[in-house]
Amino acid sequence: MLRSLQLPIIQAPMAGGASTPQLAAAVSNGGGLGFLAGGYKTAEEMRNEIKKIRGLTAAPFGVNVFVPGENKADEQELVSYKAELAEEAKRFGITLEAEKWDDDEWEEKLAVLREEKIPVVSFTFGCPSREVMESLQAHGSFIIVTVTSKDEAIQAVQEGADALCVQGMEAGGHRSVFRNSKEADDQTSLLVLLQQVRDVVKVPLIAAGGIMTGRDIASVLAAGACAAQLGTAFLRCPESGAHPVHKAALADPQFQTTAVTRAFTGRPARGLVNRFFLQHDATAPAAYPQVHHLTKQLRKAAAQHGDPHAMALWAGQGYRLAKALPAAELLSLLREQLKEAWAERMVLDL
């Protein structure tokens, strides 16, 4: 599946609105692999997006879903964090939602994936069981599991994954750690992690994390990946569903760096450092999706007010290189950059 791509580029499945059928279709039509994000949607909303993308492309595409974690959280930490955010809610005149746990309609989404016979299915936040993978494979799906460590890679292959998305610490958005604990995330850089994973598994590897240019793509292909997954690079495309405030922040000089925080969702995620990040990072509990639900309306209100300082501005380390180009034009640019990088490499090899 992956080696048959005309262009070794995969558009990351960015949950929360950035991934759209239009963006995914543009990437698939351009020879890469576009992805829909199933996270934060109902199963029927996910099905509707699948139907939309099938009306826009005949090429293969993927759908990503979140693996539900354990219903474990420190209740006192959640109560304290909710009290801490009361002033934020007052600022926008809203009421914070309940800090609830749910499984993001896991079983219902698996049923949709089987019924719709999705070409590629990927998983984030954990490794599904062998039974789940085999049930999807029996319906024609190629299975990818996102990993952030050598041990996660071994587990995913043992359970039957067809390929792995190896996510380095440079990546924007959520870290795909299997366990939501500070001890679980070692923040290994992409090129180092690729080498570690290559040593222990034999399935195809997709590289993810800070990849923004054709030269970046050439580097990860040379390191053993069969394709590169880009997310932040597509955020400013007109087909992206990222909020205009988020798109503008990527080019705004007031935002000088990215870092990883649990402040917005209770899971580690990399984004632009803003006021909310600085004020609440230290006290945010490791509780997902409870914190996500707690802050959801707050983030929505901030976007409606045009305030980037209370939004989750997910971005990888290379965010300054994101270009406001239509997805097709961006793919053409990446293709040319990749050709140039390989041509330079061939000259050096001589």
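As the structure is a prediction and not an experimental result, all values here were calculated from the model.

**Notes on the overall build of the chain**
Regarding its fold elements, the chain presents 13 helices and 11 strands. The C-alpha radius of gyration of the chain comes to 19 Å, within 12% of the 20 Å expected for a compact globule of 350 residues. Based on the C-alpha atoms only, the size of the chain along its principal axes is roughly 60 × 45 × 40 Å. By residue count, 56% of the 350 residues in the chain fall in the buried class. The contacts in the chain between residues at least 6 apart in sequence include a share of 67% that link residues at least 24 apart. Element-wise, carbon and sulfur atoms account for 51% of the exposed surface of the chain, whose accessible area totals about 14,600 Å². When the 36 basic and 41 acidic side-chain charges of the chain are each reduced to a single mean position, those positions are 4 Å apart.

**Focus: the pattern of salt bridges**
Inspection of the entire model under this criterion finds 15 salt bridges. Where K51 meets E116, a salt bridge forms, and the shortest distance between an N and an O atom there is 3.6 Å. On the criterion of sequence distance, the pair formed by K51 in helix α2 (residues 43-54) and E116 in helix α5 (residues 106-116) is long-range, its members being 65 residues apart. The buried category is assigned to E116, whose relative accessible area is 13%. The partner of D104 in a salt bridge is K109, and the shortest N-O contact between them spans 3.0 Å. The same class applies to D104 as to K109, namely buried. Within this structure, E44, R47, K51, R54, E115 and E116 form a network of salt bridges that share partners.

**Remarks on the side chain of S149**
By the element assignment, S149 lies in the loop between β5 (142-147) and α7 (150-159). Judged by relative accessible area, which is 15%, S149 ranks as buried.

**Quick word on the nonpolar core**
Membership of the largest hydrophobic core comes to 99 residues, with the highest contact counts inside it found for F123, L164 and F234. Each residue touching L164, except ones within four places of it in the same chain, is listed here: I144, V145, V147, A153, A156, V157, V197, V201, V203, P204, L205 and I206. Within the second largest apolar cluster, 14 residues are counted, among which are L2, L33, A163 and I206.

**Regarding the side chain of E170**
Relative to the helices and strands, E170 is located in the loop between β6 (163-167) and β7 (173-174). Look at E170: it is buried, it has no salt bridge, and the nearest opposite charge is R175 at 6.8 Å. At a separation of 3.1 Å, a polar atom in the side chain of E170 contacts the main-chain amide nitrogen of L190. Setting aside chain neighbours within four positions, we find E170 in contact with S189, L190, G209, G210, R270, G316 and Q317.

**Some details on unusual backbone geometry**
Here the bond from Y288 into P289 is cis, since omega is 10°, no more than 30 degrees from zero. Turning to its location among the elements, P289 is positioned in the loop between α11 (275-280) and α12 (290-304). Although it is not a glycine, Y40 sits at a positive phi angle of roughly 70°. When you line up the elements, Y40 lands in the loop between β2 (34-37) and α2. A relative accessible area of 27% places Y40 in the partly exposed class. The phi dihedral of F125 is positive, around 80°, even though this residue is not glycine. Examined against the element boundaries, F125 turns out to sit in the loop between β4 (120-124) and α6 (130-137). Residue classification places F125 among the buried positions, given a relative accessible area of 3%.

**Focus: the sheet that holds strand β10 (residues 258-261)**
The antiparallel open sheet is built from three strands, whose spatial order is β7-β11-β10. Strands with a single pairing partner mark the edges of an open sheet, and in this sheet they are β7 and β10. Sheet analysis places β10 next to strand β11 (residues 269-272), joined by four bridges and oriented antiparallel. Directly across from T258, in β11, lies its bridge partner L272.

Calculation criteria
Every residue gets a number counted from 1 within its own chain, in the order that chain's sequence is written. Confidence filtering applies because this is a predicted model: local features only for residues at pLDDT of at least 70, side-chain atom pairs given and counted only at 80 or more, and all residues used for totals across whole chains, interfaces and linings. Hydrogens and water molecules were not included; the side-chain quantities draw on all heavy atoms of the structure. Every helix listed is a DSSP run of H or I at least four residues long, and every strand listed is a run of E at least two residues long, numbered separately from the N terminus. Computation of the radius of gyration draws on C-alpha atoms, with the globule rule given as 2.2 Å multiplied by the number of residues to the power 0.38. Only protein chains enter the accessibility calculation, which uses a 1.4 Å probe; a residue is then buried when its area is under 20% of its type maximum, exposed when over 50%, and partly exposed in between. For this analysis, residues touch if any pair of their heavy atoms sits within 4.5 Å. Note on areas: these come from Shrake-Rupley sampling with a 1.4 Å probe, and a residue is covered only by the protein chains present in the view. Counted as positive: Lys and Arg. Counted as negative: Asp and Glu, with His and the chain ends omitted from the count. Throughout, a charge is located at the NZ atom of Lys, the CZ atom of Arg, the CG atom of Asp or the CD atom of Glu. The term salt bridge refers to a pairing of a side-chain nitrogen on Lys or Arg with a carboxyl oxygen on Asp or Glu at a separation within 4 Å. Buried Ala, Val, Leu, Ile, Met, Phe, Trp, Tyr and Cys residues that are joined via side-chain atoms within 4.5 Å together make up what is termed a nonpolar core. Residues adjacent in sequence count toward polar contacts only when both atoms are side-chain atoms; beyond that, a polar contact is any pair of N or O atoms within 3.5 Å, and within protein one must be able to donate a hydrogen and the other to accept it. When DSSP locates at least two bridges between a pair of strands, those strands are taken to pair.

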